[in-house]
Amino acid sequence: MRKNLFVLFAALMITSMMLAACGTSAATPETEASLPAGSVQINGAGATFPLPVYTEWTYAFQYVDPSVAINYQGIGSGGGKKGIIDGTIDFAGSDSLLKDEEYAAGKDLQMYPMLAGAVVVTYNIQWAKEFAADATVPTLILDRQTLVDIYNGTVNTWNDPAILATNPDLADYLPAETITAVHRSDGSGTTEIFTKALTAFSADWTAGGASSIEWPVDKAGNGVGGKGNQGVAAAVQNTPNSLGYIELSYAVSNKLPYADLINKAGNKVTANADSIASDMADFADAFDEKLTATIVDGPGTGSWPITGYTYLILHTTSMADCVKAAKLLDYIHWTLTDAGAAKRAADLGYAVLPGPVLEKVLAK
């Protein structure tokens, strides 16, 4: 009961403060109720990491409030941050954290974690021998150091001893073929999560953890770029003996195989809602004053090591259209608290915010 009251109180306070900030022209409940279908247009853009669930949510929300038409374009975290700073969109999606200079340029920006998701390694291996029609192909297993070495360009073939060591059941099947390592070609929060994980995995990774880097595997001649999570997924599907990193929901929705990983605790883990939630729990107290946190390579026995929050970025005081501001807050509150919205996210492989994190977001 106390938690429900807190959520209601927080929602009312946020709405009242936002409406106060945008002036005295706010619509009354009566005028809002009479708005024609689709008359309030809310535009967002940014990260492709949450695009599948944002698409699901915007579709469902039109039945919650038909007066609102929400449009979200997956253009990458870099594009989303630029759009919200320039004022060309109403909200941005980003898995990449705002830099100090971006906060300064945007003047009144705030990041809000919405969900956590896993980055997984999908692969397209042309097996040396064909599996029998009735046999189940074992899932590829990679350890943290080997993943670093692949993207450093120092593990170059599928039958490398480092890969065989974690895949003894595949010794007869992994080919002596060059690995093509696919990466993002655009500024990407997925890349930031992935490269921060590589940085945590091994001191051998010196290319840094950022939304855009110079890839060592490109210098080795084995790297290929793709735009967006969908571009990386397509490049892997179309390139024999390749692998690439994508958001879990892209692998799930497109039925793409993805590797299990050996985590920091030394355990084999599969990317799913439970292993993402375990990693979130590892970093429950890691939020800074801007409500952001890096949550890769958690120590938990069941934690997925390449995990990250996806955020909404909003202007907190400069929205001039009070009806739009109120409708946007209604939508965000629905995504965070509605059981149906949570199920849609979980079905796609995302993990919803645990109670303590949700309370921080609603309070902020």
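Conventions we followed
Residues numbered from 1 in each chain as written. Predicted model: local features only at pLDDT ≥ 70, side-chain atom pairs only at ≥ 80, totals over all residues. Heavy atoms only, no water. Salt bridge = Lys/Arg side-chain N within 4 Å of Asp/Glu carboxyl O. Buried < 20%, exposed > 50% of the residue type's maximum accessible area, 1.4 Å probe, protein only. Helix = DSSP H or I, 4+ residues; strand = E, 2+ residues; numbered from the N terminus. Pairing = 2+ DSSP bridges. Contact = heavy atoms within 4.5 Å. Axes fitted to C-alpha atoms, helices over the stretch in contact; angles between N-to-C directions. Phe/Tyr/Trp six-rings, centres within 6.5 Å; stacked < 30°, edge-to-face > 60°. Lys NZ or Arg CZ within 6 Å of the ring centre and 35° of its normal. Core = buried A, V, L, I, M, F, W, Y, C linked by side-chain atoms within 4.5 Å.

## Re the pattern of salt bridges
In this structure the tally under the stated criterion is 12 salt bridges. K219 serves as the salt-bridge partner of E214, at 3.9 Å between the closest nitrogen and oxygen. In terms of burial, E214 and K219 fall into one category: exposed. Across the pair K343 and D347 runs a salt bridge, and its minimum N-O distance is 2.8 Å. Taken together, the residues K343 and D347, both in helix 14 (residues 339-347) and 4 residues apart, mark about one turn of the helix. According to the relative accessible area criterion, K343 is exposed, its value standing at 52%.

## Concerning the sheet that holds strand 5 (residues 141-143)
The strands that make up a sheet pair up through hydrogen bonds in the backbone, lying either parallel or antiparallel. In space, the 3 strands of this open sheet follow the order 5-9-10, with mixed pairing throughout. Looking at strand neighbours, the two that pair on one side only are strand 5 and strand 10 (268-269), the edges of this open sheet. In the sheet, strand 9 (residues 260-262) pairs with strand 10 via 2 bridges, with the strands oriented antiparallel. Of the residues in strand 10, the one forming a bridge with I262 is K268. On top of the sheet, helix 6 (residues 144-152) reaches strand 5 and strand 9; it is set at about 85 degrees to strand 5, its chief contact.

## Topic: the packing of aromatic side chains
Counting across every chain of the model gives 14 aromatic pairs. Summarising the aromatic geometry, the rings of F287 and Y309 are spaced 5.5 Å apart at their centres and angled 35 degrees between planes, so their arrangement reads as tilted. Pair noted here: F287 is in the loop between helix 12 (273-282) and strand 11 (307-315) and Y309 is in strand 11, with a separation of 22 residues, a long-range link. For F287, a relative accessible area of 14% puts it in the buried group. Here Y309 falls in the buried class, since its relative accessible area comes to 2%. Counting every residue linked through ring pairs, the aromatic cluster contains Y151, F194, W205, W215 and Y245. The ring of Y103 carries K290 above its face, with NZ or CZ at 5.1 Å from the centroid.

## A word on the nonpolar core
Within soluble globular proteins, side chains that are nonpolar generally end up buried alongside one another. Core analysis: the biggest nonpolar cluster contains 106 residues, and W57, L140, L142, Y151, F194 and I306 have the highest contact counts within it. Considering each element in turn, this core owes the most residues, 11 residues, to strand 4 (residues 109-124). When near neighbours in sequence (up to four residues on either side) are disregarded, L140 contacts Y123, I125, W158, I163, N167, L170, L174, A259 and D260.

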